[in-house]
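# Remarks on the overall topology
Chain by chain, the residues:
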Amino acid sequence: MSDQPPPYAPLPLVSSLPLDPNSTPSPNPTLVLPNLAFPNKRKRTGFRRKVLSGSPAAPALSPSAPSQPPPPASAADDIIVINREPTAEAVTALTAGFPADSLTDEEIEAGVVSDVGGIEQVNYILIRNHLLCRWRETYNSWLAKEHFATLIPPHCEHLLNAAYSFLVSHSYVNFGVAPAIKERIPKEPTRPTTVVILGAGLAGLAAARQLVAFGFKVIVLEGRKRCGGRVYTKKMEGGGHSAAGDLGGSVLTGTFGNPLGIVAKQLGLPMHKIRDKCPLYRPDGSPVDPEVDKKVEITFNKLLDKSSNLRTSMGEVAADVSLGAALETLRQADGGISTQEEKNLFNWHLANLEYANAGLLSRLSLAFWDQDDPYDMGGDHCFLPGGNGRLVHALAENVPIVYERTVHTVRYGGDGVQVVVNGGQVYEGDMALCTVPLGVLKNGGIKFVPELPQRKLDSIKRLGFGLLNKVAMLFPHVFWSTDLDTFGHLVEDPRRRGEFFLFYSYATVAGGPLLMALVAGEAAHNFETTPPTDAVSSVLQILRGIYEPQGIEVPDPLQSVCTRWGTDSFSLGSYSHVAVGASGDDYDILAESVGDGRLFFAGEATTRRYPATMHGAFISGLREAANITLHANARVAKTKVDKSSSTNMQACATILTDLFRQPDLEFGSFSVIFGGKASDPKSPAILKVEFGGQRKKNATEGAKTEQNHSNKLLFQQLQSHFNQQQQLYVYTLLSRQQAMELREVRGGDDIRLHYLCEKMGVKLVGRKGLGPGADAVIASIKAERNRSRAKPGPSKLKKSLKPNVTAS
């Protein structure tokens, strides 16, 4: 699993409430969250550089609260005040994966409110955020709904019931291994439903624990002799020393919102913050010059920013281009990397990027390689003393696991499922959950009968599954500095840039003098066939080149272990990434259930928000426990579940089409609809750009406009690409002020497109790419227009925007 953290992006603007409980709540709250930037760590420990300007799912401005109805006439129209810190609770909701001021697709599908975009939604969100915050504070206790009854006005009791039911059923609260949680687990199944789970990794264990707590009969089939999957803590011993080394997933990332951080706290386990200091050493072992180091790091980050701008300019064409090709082209054009040492440093950063994504840069999608960046859990990135196996063993306690059962066939249909393992033994159940790694699915290691839908097979093929390997070495004593957790090493040959490029010091957390050397990129694949003795000799040569000139003797290790995740038949790789031709949608498709709610899927490769992470696997297991429960309940009630999030998406798409029939602003091929107050320049707006159809022309622009910007050829190619596809609409969220600024740009649509993408740093996406945050804006605009139509006389909205309807 990946050690990469979520991004360190400032939190978006969100609506909040007056902090004084004695004040009168405004029907349209405008308080915003502070600009809380999470610690900007030096990108040296597999923590990939986060590109903010062109992230495909990160608009420059998040939607503010939906427009509210006219001034309240009754208590039911009031915005409730629960405590003095709604802003802090909104931050907690953000780190837990919720939009702070809108509903998720799952909440909308669950029908938590009757009026999406109204006062009821605002109050629901306040209650939901409060419950989440209290759970984070009282994680060792069962969060009981009754404790909040006195805080919530009687007219909002149904919202408390809805929020509590949703959070419990979807395992956002009351999960884990605390005694108060475990004592609630029934001793015997309370449901007649049996669920067979394939795999005892974090996803399988998370799902199994929750399903058992929900009363299901569960059986987990695991091919290995141990649980944990790609999370594996190896106890190493020798010469009177012992240490626990994480050979797979090793870093808990973003501990503010990371649910595995909650589990660690429930176990009373301390977490060691990984320190920022990470010195680099030349191929001969001498320290890298700090000034050269700083120069190359700045250049590398600038090139990543430029690659982000490039993909923004290219639009959907970028999906067919690799990040590696873009970076190499930009590096050659930049000319800032010239000396051999600078080239070595630049290649080290490339290796670090390949480590973070477990994929070759030549195979990473330029358009979507960092599509998960907006979903920040915040907080430090930590090692767990004693290894992550402590979490695995706690989660596996009392879970019915049958080891050494390699699944080769899964049959599913209307009557249930049959899972056939090695030796021909058959396990039957009502439903099955497949949590095997993407590498196994890619290899066709499991036969599904009937075959999986073609769209799922296509996603399995498109998504990338890369490789990271490690050499763990237990030494007689610590000869390296104990004031750092990482250090790096450069190589001359760019093809070997990922070979032992980074070292993890586990001396402070493993219980003994343990050092870990990492192998990424192309070197990780070559490493699979390298004899272990040769690998260890190479690592020792590097270490001695660094420390012996300092007068420090490097002893032989007492024990060494080399991983081979690529040839491990139960994983066939390390973790997923978005390859060229793939997108974040493929994670969603892989997560879809098949067989009318009989066969489900979980694992890090099924979550577009948290792929390639341990917590992503864990969360996906909790997610599918909720989905399985939903389908089981529906089956008992003999109703059909329409769980596809596309239902809400299609509804919003229809509304969006209707709204743009009467845009608030039009110029050229651009049209805009506004939300919020006309007097607020930061209120949200949705911009639509039309490609391929009959190009609109402003009277002042004439039939042709000469293009002189730097990306003239690129935009011509882009237009040609869209013309081939006839007509295409792309969108983005931005502020009213940005929309008005764009309207004033002269020179035609191409100049405006250049200004939008390169000057404003805005990413244009398809309708689906706008995400659930835009749905709240769409709903609020629709509600405001409906209210305006219902009022006698001219529409206030149209009156306020009348001067802006036609571009000058």
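Residues numbered from 1 in each chain as written. Predicted model: local features only at pLDDT ≥ 70, side-chain atom pairs only at ≥ 80, totals over all residues. Heavy atoms only, no water.

Per an unreviewed UniProt entry, the protein chain goes by SWIRM domain-containing protein and derives from Urochloa decumbens. According to its UniProt record, the protein chain has this under Function (unreviewed entry): "Probable histone demethylase." (UniProt positions renumbered as here; feature names shortened; annotations may be inferred.)

What follows covers the overall build of the protein chain. In terms of regular secondary structure, the protein chain is built from 23 helices and 25 strands. Counting only residues that meet the buried cut, the protein chain has 58% of its 808 residues in that class. Of the contacts formed within the protein chain by residues at least 6 apart in sequence, a portion of 78% connects residues at least 24 apart. Surface exposure of the protein chain reaches about 31,600 Å², of which carbon and sulfur atoms provide 52%. (Helix = DSSP H or I, 4+ residues; strand = E, 2+ residues; numbered from the N terminus. Buried < 20%, exposed > 50% of the residue type's maximum accessible area, 1.4 Å probe, protein only. Contact = heavy atoms within 4.5 Å. Areas by Shrake-Rupley, 256 points an atom, 1.4 Å probe, with all protein chains shown as cover.)

Here the focus is the pairing of strand β23 (residues 670-674). Counted residue by residue, β23 has five buried out of five residues, so it is predominantly covered. What you see with β23 is no split at all: Phe-670, Val-672 and Phe-674 on one side and Ser-671 and Ile-673 on the other are buried throughout. Judged from the three bridges that link them, strand β22 (residues 665-667) and β23 form a sheet pairing that is antiparallel. When the bridges of β23 are listed, Leu-665 appears paired with Val-672. Linking β22 back to β23 in an antiparallel pair, the connection comprises two residues, with Gly-668 at a positive phi of about 60°. Where β23 lies against strand β24 (residues 684-691), five bridges are found, and the strand directions are antiparallel. When the bridges of β24 are listed, Ser-671 appears paired with Lys-688. (Pairing = 2+ DSSP bridges.)

With respect to the helices, strands and loops of the structure, Ser-576 is situated in strand β20 (residues 576-577). Using a relative accessible area of 3% as the deciding quantity, one classes Ser-576 as buried. Here the side chain of Ser-576 touches Tyr-587 through a polar contact of 3.4 Å, side chain to side chain. Only 2.7 Å separates the side chain of Ser-576 from the side chain of Glu-604, close enough to count as a polar contact. If we skip the residues at most four places from it in the chain, Ser-576 touches Asn-357, Leu-438, Gly-464, Phe-465, Tyr-587, Glu-604, Ala-605, Pro-611 and Ala-612. (Polar contact = N/O pair within 3.5 Å; in protein donor to acceptor, adjacent residues only side chain to side chain.)

Moving on: helix α20 (residues 736-743). All buried positions along α20 are accounted for by Arg-736, Gln-738, Ala-739, Leu-742 and Arg-743. Viewed end-on, α20 has its buried residues packed into an arc of 165°, placing them on one side of the element. (Arc of directions from axis to C-beta.)

Let us now look at the sheet that holds strand β12 (residues 431-434). Strands belonging to one sheet form pairs held by backbone hydrogen bonds; the direction of such a pair is parallel or antiparallel. Spatially, five strands are ordered β8-β2-β1-β12-β21 in an open sheet, and the strand pairing comes out parallel. Of all strands in the sheet, those bounded by a partner on one side alone are β8 (401-402) and β21 (599-601). Relative to strand β2 (residues 217-221), strand β1 (residues 194-198) is paired through five bridges, and the arrangement is parallel. Across the sheet, the residue bridging to Leu-198 is Leu-221, located in β2. With respect to the sheet, helix α6 (residues 202-213) is in contact with β1, β2, β8 and β12, its orientation differing from that of β1 by roughly 165°. (Axes fitted to C-alpha atoms, helices over the stretch in contact; angles between N-to-C directions.)

Okay, the confidence of the model for the protein chain next. Of all residues in the protein chain, 81% have pLDDT values of 70 or greater, and the mean over the chain is 84. Within the model, pLDDT remains below 50 along residues 47-73, and this stretch shows 112 contacts once partners closer than five positions in the same chain are excluded. (pLDDT = per-residue confidence, 0-100.)

Sheet architecture is open: four strands sit in the order β11-β10-β9-β13, paired in mixed fashion. At either end of the open sheet lies a strand with only one pairing partner, and these are β11 (426-429) and β13 (447-449). Here the average twist between neighbouring strands, direction ignored, is 15°.

Across the eight residues of helix α11 (residues 389-396), six count as buried, placing the element largely inside the fold. Among the residues making up α11, those that are buried are Gly-389, Leu-391, Val-392, Ala-394, Leu-395 and Ala-396. On its buried side, α11 packs onto α6, β3 (233-238), β4 (241-246), α7 (259-266), β8 and α17 (614-636). Looking one or two residues past α11, Asn-398 carries a phi angle of roughly 65°, positive in sign.

A few words now on the environment of Gly-429. With respect to the secondary-structure elements, Gly-429 resides in strand β11. The spacing of Gly-429 and Tyr-412 is 17 residues in sequence and 9.6 Å in space, taken between C-alpha atoms. Residues in contact with Gly-429, not counting those within four places in the same chain, are Thr-194, Val-196, Gly-416 and Val-417.

Moving on to the pairing of β24. Most of β24 sits inside the fold, with eight of its eight residues counted as buried. The two faces of β24 match: Pro-684, Ile-686, Lys-688 and Glu-690 on one face and Ala-685, Leu-687, Val-689 and Phe-691 on the other face are all buried.

Applying the stated rule across the entire model yields 24 salt bridges. Notably, a salt bridge pairs Lys-306 with Asp-334, separated by 3.5 Å at the nearest N-O pair. You can see Lys-306 sitting in helix α8 (residues 290-314) and its partner Asp-334 sitting in helix α9 (residues 323-334), a full 28 residues away along the chain. Taking relative accessible area as the criterion, Lys-306 reaches 38% and is therefore assigned partly exposed. One salt bridge in this structure joins Arg-544 and Asp-556, with 2.7 Å as the shortest N-O distance. (Salt bridge = Lys/Arg side-chain N within 4 Å of Asp/Glu carboxyl O.)

Note on placement: Leu-350 falls in helix α10 (residues 340-357). Expressed as a C-alpha distance, the spacing of Leu-350 and Pro-494, which sit 144 residues apart in the sequence, is 9.5 Å. Those residues within four positions of Leu-350 in sequence are excluded, and the remaining contacts are Phe-300, Leu-327, Leu-361 and Arg-497.

Turning our eyes to something else, we now look at the nonpolar core. Core analysis: the biggest nonpolar cluster contains 77 residues, and Tyr-124, Ile-127, Leu-131, Ile-197 and Phe-216 have the highest contact counts within it. At nine residues, the largest contribution of residues to this core is made by helix α3 (residues 119-137). Setting aside chain neighbours within four positions, we find Tyr-124 in contact with Leu-103, Glu-107, Val-112, Val-113, Leu-159, Ala-162, Ala-163 and Phe-166. Listed in part, the 51 residues of the second largest apolar core include Ala-351, Leu-353, Tyr-355 and Leu-366. (Core = buried A, V, L, I, M, F, W, Y, C linked by side-chain atoms within 4.5 Å.)

Attention now moves to the packing of α8 against α10. Where α8 meets α10, the axes come as close as 9 Å, and the angle between the chain directions of the two elements is 50°. Here α8 lies oblique to α10, going by the angle between them. For the crossing formed where α8 meets α10, the hand is right-handed. Facing Val-292, Asp-293, Lys-295, Val-296, Glu-297, Phe-300, Leu-303 and Leu-304 of α8, the residues of α10 in contact are Glu-341, Glu-342, Leu-345, Phe-346, His-349, Leu-350 and Leu-353. (Parallel < 35°, antiparallel > 145°, perpendicular 65-115°, else oblique. Left-handed = near helix turned anticlockwise from the far one by under 90°.)

The subject of this paragraph is the packing of helix α1 (residues 86-95) against α3. For the pair α1 and α3, the least separation of the axes is 8 Å and the interaxial angle reads 75°. In terms of orientation, α1 lies roughly perpendicular with respect to α3. Residue-level inspection shows Pro-86, Glu-89, Ala-90, Thr-92 and Ala-93 of α1 in contact with α3, the latter providing Leu-126, Arg-128, Asn-129, His-130, Leu-132, Cys-133 and Arg-136. Split into classes, the residues belonging to the contact of α1 with α3 amount to six nonpolar, three polar and three charged. (Nonpolar A, V, L, I, M, F, W, Y, C, P; charged D, E, K, R; others polar.)

Below, the discussion takes up the environment of Asn-83. Here Asn-83 lies in the segment before α1. Setting aside anything within four residues of it in sequence, one finds Asn-83 in contact with Glu-89 and His-130.

Before going further, it helps to examine unusual backbone geometry. Backbone phi values are negative for most residues with the exception of glycine, while trans is the configuration of most peptide bonds. Cis geometry is found at the peptide bond from Val-449 to Pro-450, where omega equals 0°. Inspection of the secondary structure puts Pro-450 in the loop between β13 and α13 (454-462). Non-glycine residue Ser-171 carries a positive phi angle of around 60°. Positive phi outside glycine occurs at Asn-398, with the angle close to 65°. Within the element layout of this structure, Asn-398 appears in the loop between α11 and β8. Classification of Asn-398 as exposed rests on a relative accessible area of 70%.

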